[in-house]
Structure formats: C-alpha cells, structure tokens
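Commentary on secondary and tertiary structure
Here are the chains, one letter per residue:
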Amino acid sequence: MLPSHFSACVEVMVKLVHFARTTPTNLCADPLRLFDEEVRLCFSTCLAADVPDVQWQQAQLSPKFGGFGLRSLSLHSCAAFISSLTSSGLGSPENIHLQQAILHFNAQVSPQDMLKVETVPPHQSALSQKIDTHIYQSLLSSASPVNKARLLSVSGPHAGSWISSIPSASLNLHLDSAECQVAVRWWLGLATSDASPCPFCPGVVLDPLGHHAASCRHGGDVVTRHNRLRDTFADFCRRAHLSVKIEVGHGLSRDHINRRPADILVQGWDRGKPAAFDVTVASPLTPVTLHEASASTGAAAYVAEGRKHAANDARCQELGWTCIPLAVETFGCWGKEAQSVFSRLASLLAIHQACPKSSVLHEIYCHMNMTLVRSVARAILGREVAC
C-alpha cells in the first residue's frame, strides 16, 4: 500500500536490527538515529505531509498501541542488545556494555518496568513493549480530550488489524494510494482536509481531523459503510454454514411498523433462537460521547450497544429473536458484544476450515476493519473532490 522506496527502507531495517543486537548500545546510537530520520522522511514523503513529533511517536508504536510498527531503532537498540547478550550467555553483571544498555533502557520506561543488572530480563519483544507502553502513556497524558479519545480508540482491541493485514486486491484487503494517505493521516490525527465547506451539508465546514466526513449522514457514505460492514459479516457467517438473511423484520412487529430489528438474522445462534445482529458505527469524537471516550477505551461502542438494545430489544423479544448489536467506533474499536460474536464465529469457521482459531479471528478483524477504514477514507476523499 506504500510506495516501493519505503519497502526498501524496511529491507535495510532487517540488517540494522542485526547490527543493534550485536553492537553495544553506546556505539551504535548515532548511525541508528540517522536511519530513524531517513525512515521518518520516507514516511512523510509517502503521506505528502510533514509528520510532527507527536504523530511520529505514535507511528513508531506497534499496532497494538495504535501505531504503524515503525519502531525507532535508536530507542529499541538497547532492548535488542540486552536480549541478545543475555540469551547468548554473555550477560554477566560485570559486563560494562550490559550495564550501559540497561541504563539506556531504564531511561525510556516507567519506574516499575526498570531492569536491574542482577536480574535476567525477558525477551526482546517484552522489553520493546515496555518502551512502547511508556511512550503511549506519555502521549495520552499530554493529549487533548479529542486526541485522547482518538488514541484510546485506535489502540482498542483489534482496531489496528487493518494495518497488519497483507495487502491483497484479490482478497479485498487493500487501499489505493490516495485512500492510504488519507487513512494514515486520519489515524494519526493529522489534517485530512482544509477548512472547506461540506458539499452535502450547507453551512458546515469540514474539520481537519475528518470527524465530520466520517460521521456525515448526507451524501450516502454512512449507508454505504453500514451495508459493506453488514455484507462482510454476513459472508463470514455463510462460510461457517449458518443460515443468514439480510435486513429482515420489516413490518413484522405490529407496534413498530417500517422498522428493521435485524441487519443480519442468523438462525439457531443463541440456544436455538435466531440472533438479530444490528451493525452500528459510532464516533468517539462526538460531543455526546467525548467525555467518556477520552477516559476509557471503547466507551463510544458501549454507548452505541446500549442504544441498539433500547431500540430493538422489545421488538426482537416479540419476534422470538435475540438482539445483538455489532457496534464499532469509527477508528475500529469494536464493542464487547461484537468481540464475543467474532470469537464464536471464528471457532465455527476454524472447525469447518481445519485451521487455528486465532488465524481465522485475525482474518475476520482484518476484513471488517479494512472495510471500515476504506469507507472512512473514501468519505473524506469524496468531500474534497466534491468541493
């Protein structure tokens, strides 16, 4: 999804990781720092935008923390060297290079995560995660409520699965260059548009963070996004040999005419009862949910689940169905009920496909979140073109 010259940097990175694992931290800091600067320049070129320090720090985090995995070699070289030295049996407390690497590591983590020379440290991945955790917490503590809500949402469970998916047009797991640029900017909190008016909402100005474009109910993007998420989920249900019906319930409830309690109706899901799955996308940046969303991960999805239960439980009970909202935030953080559904669906698919449940679950999240992110990117781009 990114230009080929960025992939070339990744190839060089593999060689430099070996360099970091075998060279004392104090001796390799300068060349690794120069490489980090080149990666940042390349990343900015791909986005056609400057990447400020705060957004670059987020991009360097792993997808688990809402980043793109462009880890700083100069920051993580100490973790690589400590792990390599101790695993080779050369990590004695008297080793001066080990002592210096541990001092460098302790300067980049929280006090509770600091290492002692006498203790055997964990693997490199665990050490690097401690560095990422400290950077992520620092970003949260200094962020505005809007950016805090965004950071909590992009770091929610499986929210970054679209980043770790293998780009494939044949599998519908891809973004074109324009979509990729906009999606990455939006994910990092960079400007996605100028202060131009929304072509579909008279008197409304597009905000730089793309919030209006992602939530605008005019122009058809919200409906298209909803339908694509619905159809993607329905396809996985069919692959699990479940009986699926789309958009049912219209006119079946005498007290709620012209309402559909189910986007997807799956027979025999809950102890023999049909399950009425209702897809809904909620933004954590709306004034209604911003306070809660800036305090806890998935707050907007939780509120959306409650709204769907309040709207549909009575109608579903009348029809003998179980109401199950599939709520997701615009940044890809799914609600608890959706996570439970995806886990159960992955178990069924793993049996039919004779493959590990973890790989099937990852596939579900990759497809669902790629569909979501692509839809948001197209909504932002569509308003720029229309202007």
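Bear in mind that the values here come from a model prediction, so they are computed numbers and not experimental data.

Quick look at the environment of Gly 160 now. By the secondary structure assignment, Gly 160 is in the loop between α7 (145-154) and α8 (161-164). Residue Gly 160 is classed as buried on the basis of its relative accessible area of 7%. Taking the C-alpha atoms as reference points, Gly 160 and Arg 239, separated by 79 residues in sequence, lie 24 Å from one another. Residues within four places of Gly 160 in sequence aside, it is in contact with Pro 63, Val 154 and Trp 187.

Okay, the side chain of His 212 next. With respect to the element layout, His 212 can be found in helix α10 (residues 211-215). Setting aside chain neighbours within four positions, we find His 212 in contact with Cys 198, Cys 201, Val 204, Leu 206 and Asp 207.

This next bit is on the environment of Val 51. Structurally, the position occupied by Val 51 is in the loop between α2 (25-47) and α3 (53-60). Taking the C-alpha atoms as reference, Val 51 lies 51 Å from Gln 317; in sequence the two are 266 residues apart. Excluding residues that lie within four positions of it along the chain, Val 51 makes contacts with Arg 40, Phe 43, Ser 44, Trp 56 and Leu 190.

On to the packing of aromatic side chains. Applying the stated criterion across every chain yields a total of 13 aromatic pairs. Between Phe 43 and Trp 56, the ring centres sit 5.7 Å apart and the planes meet at 45°, which makes this aromatic pair tilted. In this pair, Phe 43 sits in helix α2 while Trp 56 sits in helix α3, placing the two residues 13 residues apart along the sequence. Each ring, one from Trp 162 and one from Trp 187, has its centre 5.4 Å from the other, and the planes form 75°; the classification is edge-to-face. Highlighted residues: Trp 162 in helix α8 and Trp 187 in helix α9 (residues 177-188), separated in sequence by 25 residues. The residues Trp 162 and Trp 187 share a single accessibility class, namely buried. Among the aromatic residues, those joined into a ring-pair cluster are Phe 43, Trp 56, Phe 68, Trp 162, Trp 186, Trp 187 and Phe 331. Sitting above the plane of the Trp 269 ring, Arg 344 keeps its charged end 4.4 Å from the centroid.

Right, let's talk about the pairing of strand β2 (residues 262-270) for a bit. Put simply, side chains in a regular strand alternate between the two faces of the sheet. For β2, the tally of buried residues reaches 7 of 9 residues, placing the bulk of the element in the interior. Strand direction decides the pairing type here: β2 and strand β3 (residues 273-282), joined by 4 bridges, are antiparallel. Residue pairing for β3: Ile 264 is matched across the bridge by Phe 277. Once β2 ends, the chain turns through 2 residues before running back antiparallel as β3, passing Arg 271 with a positive phi of about 50°.

Before going further, it helps to examine helix α4 (residues 73-87). With 15 residues, α4 should reach 21 Å at 1.5 Å per residue; the first-to-last C-alpha distance of 20 Å fits that figure. Most of α4 is tucked away, with 12 of its 15 residues classed as buried. All of the buried residues in α4 are Leu 73, Ser 74, His 76, Ser 77, Cys 78, Ala 79, Ala 80, Phe 81, Ile 82, Ser 83, Ser 84 and Leu 85. Following α4 by one or two positions, Gly 89 has its phi on the positive side, about 85°.

Mean pLDDT over the protein chain works out to 90, with 93% of the residues at or above the 70 mark. Note on residues 1-7: pLDDT is under 50 here. Beyond four places in sequence and across chains, it has 16 contacts. For residues 250-254, every residue scores under 50 in pLDDT, and the model assigns this stretch 10 contacts once sequence neighbours within four places are set aside.

This part is about helix α13 (residues 299-319). In this model α13 runs 30 Å from its N-terminal to its C-terminal C-alpha over 21 residues, within 8% of the 30 Å that 1.5 Å per residue would give. A maximum bend of about 45° is found in α13 at Asn 312. Three or more residues of α13 are buried, namely Ala 299, Ala 300, Ala 301, Ala 304, Glu 305, Asn 312, Arg 315 and Cys 316. Note on α13: the residue one or two positions beyond its end, Gly 320, has a positive phi of about 80°.

About the thresholds
Counting of residues starts from 1 at the beginning of each chain's written sequence and follows it residue by residue. The model is predicted, so local features are restricted to residues of pLDDT at least 70 and side-chain atom pairs to those at 80 or more, both for listing and for counting; the totals for chains, interfaces and linings are taken over all residues. For the side-chain quantities, the full set of heavy atoms in the structure was used; hydrogens and water were omitted. To qualify as a helix, a DSSP run of H or I must reach at least 4 residues; to qualify as a strand, a run of E must reach at least 2; elements of each kind are numbered from the N terminus. Burial status follows relative accessibility: with a 1.4 Å probe on protein chains alone, a residue under 20% of its type maximum counts as buried, one over 50% as exposed, and anything between as partly exposed. Contacts between residues were defined by any pair of non-hydrogen atoms, one from each residue, lying within 4.5 Å. A pair of aromatic rings is counted whenever rings of Phe, Tyr or Trp (Trp by its six-membered ring) have centres within 6.5 Å, and the orientation is called stacked for planes under 30 degrees apart, edge-to-face for over 60 and tilted otherwise. Each ring is checked for a lysine NZ or an arginine CZ that lies within 6 Å of its centre and within 35 degrees of its normal; such an atom marks a charge sitting over the ring. Paired strands, as defined in this entry, are two strands with at least two bridges between them according to DSSP. An expected span of 1.5 Å times one less than the residue number is assigned to each helix. Per residue, pLDDT measures the predictor's confidence, with a range of 0 to 100. For a residue, the bend is simply the angle between two axes, fitted respectively to the seven-residue segment ending there and the seven-residue segment starting there.

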